[in-house]
Structure formats: structure tokens, C-alpha cells
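# Notes for the structure review
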Amino acid sequence: LGRMTPVIVVHGGAGRIFKEREEGCRAGVVRAALRGYDVLRQGGSAVDAVEEAVRSMEDDPHFNAGCGSVLNEKGEVEMDAIIMDGKNLDSGAVSAVKCIANPVKLARLVMEKTKHMLLTDHGAHLFAQAMGIPEIPGEKLITERSRERWKKNLEPDSNPEEFQKDLGTVGAVAIDSEGNVACATSTGGLSNKLVGRVGDTACIGSGGYADNHSGATSTTGHGESIMKVVLARLILYHMEQGMSPEVAADTALDYMKTRVGGLGGVIVVNKAGEWAARFSTKQMSWATVKDDKLHYGIYAGEMHIKSLDGALASEREGF
């Protein structure tokens, strides 16, 4: 069939990426993009590809999703995730889930095995049990770094807002060879958030949106700001009005900044397979594979390009 050239774009979160974590973040998004692209190359669907890419980053402690998630005010990990299929607008999401390694996998099961779109907290936990998803001890998801930050934020003179700039939601968008698009997004949320806080990630149209008629997008940044402008859907709206992915992304990010003072980042692919990775924060780790070429970067204006073969070879050698 091969009508479309498959494309995958991933992000590892917008914000401020501290020097000592840069290499790990770069390697992590590159690995996720290569894994997702591998699924597409073998004829897998866009939904399979975004799930695989996001799972790869959930398992990577460099990112604020799955293992490595930030802690809420009580020192626990509570995670949100969404996945969406652009073919029929089916979506599944989970919010405030604990003790599972891959929330995106659970979101996919919500999409495929229930008539619902969003399960939360205890209900999501019961559903995970019913689906045979293994429970893991909460401590297994907590890294030294997350705990350190949580402690710092508890100090009376701390400013958790300062730390929020180092966010780290993860996400992926893809178009497969049949022209279907999909998105997936997963996060541990905000450090020291109130128990039960759910941000943009689990909300359809905010944390992500996918529609074969226009394209797919996954967002990252200040969740409450993203929700106020329904950022993912806004970008697709701009593309429906004829904007390119890049202009649509910049226009929507600019609106979020001027209207509500919110910063963030987005990855986009349109139905023609054109892509963009744009952000209003200082940094956002991202990577794309299209036409057997890998593109990746962290800083504004930064773009490295490698051949797929070269990228896969250095991946095997440990980047």
C-alpha cells in the first residue's frame, strides 16, 4: 500500500534542561524516536508507534513520566497519560494512577477495552488489575532526583514554581504508511502538586489530539495554561485554516503566552506528513525520523541530522 511516508516525532518535555541531564535527554528522545519508527517501518500502525515511543521514555528515569516522575505534596508518584487514534477519534486516558510502570499502556487499554475515555485513580487501578497489568511498588518509580527536588520544595523559603520550569512530560505523534495519525502523552505532573491534581496530559484536546483530517499533536509545559487554551486542538484548528505545522504551533504557543502567560512546547505532524517541534520555553528535547533521516535537538534553532543507519549503529554502541 505504502501511500504515505511514515513519520514519528517525539518530545521529552519543554522547560529548562540542566546541563548534566542534557545528554541523557537527547539520547532518550532519539531512542524513543528510533523505536517508534521501527514499528512504522515494519508496517505497524501510528497508534502502535506512539505507544512504543512513549513507553520507551516512561522507562527512562531522565523524564518526568513513569519511572522518574516527580512527586506530589505527599511524596508519591501520581501519573497521567493519554493516547488517541486519528482514524475514528477514539481515545483513552488515565489520571492520578500509581504503582504501574507504563500509564500509556493502560490508557491504550481504556481506549480499546472500555466504552469510556478516561479512568481515574482508584477506578483506573481496578481496571489495571482486571487487565492483568502488574502492580509495582511505588518506590520503584521514585528516583533520587525526584526525592531531592521534593524535599527542596518542602523547605519554607522554597519556590516550587522555580522548579516547574524543568518539566518533562513525554509525548509522540506519528503518521503511518496508510495515512493514519495518532498521538500519545504521559507525565508525572508538577512537583509537589496537590494530591489528586490532574493537568492537561489526560485531557483530550489539551495534552494531545489526533484527527486524520488534519494531523496530530502532543503538548508539554504548564498544564493549567495548556488547558485554558485547549492547546492541542487549537493547533489542529490553525492547520485546518491552512497553516503549516510550524506556523500553527508558533501561533498557538504565542497565543497561550500572551493570553494566559503560559509557556510550553508541542510536536506536530499534519496529514501530509509535514512535521514541527516548537517551544516557547528555554528548551525542549525532541527527535524525528522521516525518510530514513533522524533529526533531533534541545535548544531553539538546534537541529542535528543523522542518517538512520548511522543513528542505529551509534544506538547499538550506546550513543
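In this text, all values refer to a predicted model and were calculated from it rather than measured experimentally. (Residues numbered from 1 in each chain as written. Predicted model: local features only at pLDDT ≥ 70, side-chain atom pairs only at ≥ 80, totals over all residues. Heavy atoms only, no water.)

### Things to note about the state of the cysteines
Counted by the stated rule, this structure contains 0 disulfides. Just so you know, Cys-25 is unpaired, no disulfide at all, and the nearest cysteine sulfur is the one on Cys-67, 14 Å from it. Residue class for Cys-25 comes out buried when judged on its relative accessible area of 2%. Not engaged in a disulfide, the cysteine Cys-203 finds its nearest cysteine sulfur in Cys-183; these two sulfurs lie 13 Å apart. (Disulfide = S-S within 2.5 Å. Buried < 20%, exposed > 50% of the residue type's maximum accessible area, 1.4 Å probe, protein only.)

### Observations regarding the nonpolar core
Soluble globular proteins tend to bury their nonpolar side chains together. Ranked by size, the top nonpolar core spans 54 residues in total, and within it Ile-8, Val-10, Leu-106, Ala-287 and Val-289 carry the most contacts. A total of 8 residues in this core trace back to one element, the largest contributor, which is helix α1 (residues 19-41). Formed by 33 residues, the second largest nonpolar core is a distinct cluster that contains Val-9, Cys-183, Ile-226 and Trp-286. (Core = buried A, V, L, I, M, F, W, Y, C linked by side-chain atoms within 4.5 Å. Helix = DSSP H or I, 4+ residues; strand = E, 2+ residues; numbered from the N terminus.)

### Topic: the pattern of salt bridges
A full pass over the atoms with the stated rule returns 18 salt bridges. We note a salt bridge from Lys-19 to Glu-22, for which the minimum N-O separation is 3.2 Å. Placement of the pair is Lys-19 and Glu-22 together in helix α1, with a separation of 3 residues, close to one helical turn. For Arg-108, the salt bridge goes to Glu-51, with nearest N and O atoms at 2.9 Å. Within this pair, whereas Arg-108 is found in helix α3 (residues 103-113), its partner Glu-51 is found in helix α2 (residues 46-58), the two being separated by 57 residues in sequence. Judged by relative accessible area, Arg-108 falls into the buried class, the value being 14%. Glu-51 gets classed as buried once you look at its relative accessible area, which sits at 10%. Salt bridges linked by common partners bring Asp-48, Glu-51, Glu-52, Arg-55, Arg-108 and Glu-112 together as one network. (Salt bridge = Lys/Arg side-chain N within 4 Å of Asp/Glu carboxyl O.)

### Observations concerning the environment of Ala-277
Among the structural elements, Ala-277 can be located in strand β10 (residues 275-279). Setting aside residues up to four positions removed in sequence, Ala-277 forms contacts with Val-266, Ile-267, Met-284 and Trp-286. (Contact = heavy atoms within 4.5 Å.)

### Things to note about the UniProt feature "binding site: substrate" (unreviewed entry) in the chain
Under the present numbering, the feature "binding site: substrate" (unreviewed entry) in UniProt falls on Arg-197, Val-198, Gly-199, Asp-200, Thr-220, Gly-221, His-222 and Gly-223. Relative to the elements of secondary structure, Arg-197 occurs in the loop between β6 (181-187) and β7 (208-211). Setting aside residues up to four positions removed in sequence, Arg-197 forms contacts with Glu-78, Asp-80, Gly-189, Leu-190, Gly-223 and Glu-224. Within the fold, Gly-221 resides in strand β8 (residues 215-221). With relative accessibility at 7%, the residue Gly-221 sits in the buried group. (UniProt positions renumbered as here; feature names shortened; annotations may be inferred.)

### Digging into the sheet that holds β7
Spatial ordering of the open sheet is given by β7-β8-β9-β10, a layout of 4 strands whose pairing is antiparallel. Each edge of the open sheet carries a strand with a single partner, namely β7 and β10. For this sheet, the mean inter-axis angle between neighbouring strands, taken without regard to orientation, is 10 degrees. As judged from the 4 bridges shared by β7 and β8, these two strands associate in the antiparallel manner. Residue pairing across strands places Tyr-209 opposite Thr-217, the latter belonging to β8. Here helix α8 (residues 231-240) sits on the sheet and contacts β7, β8 and β9 (264-270); the angle it forms with β8, its principal contact strand, is near 140 degrees. (Pairing = 2+ DSSP bridges. Axes fitted to C-alpha atoms, helices over the stretch in contact; angles between N-to-C directions.)

### Observations regarding a nonpolar patch on the surface
Residues Met-117, Leu-118 and Ile-204 make up a contiguous nonpolar surface patch of about 260 Å² in total accessible area. A relative accessible area of 40% means that Met-117 is categorised as partly exposed. (Patch = residues over 30% accessible without salt bridge, like charges linked within 9 Å, V, L, I, M, F, W, Y side chains within 5 Å. Areas by Shrake-Rupley, 256 points an atom, 1.4 Å probe, with all protein chains shown as cover.)

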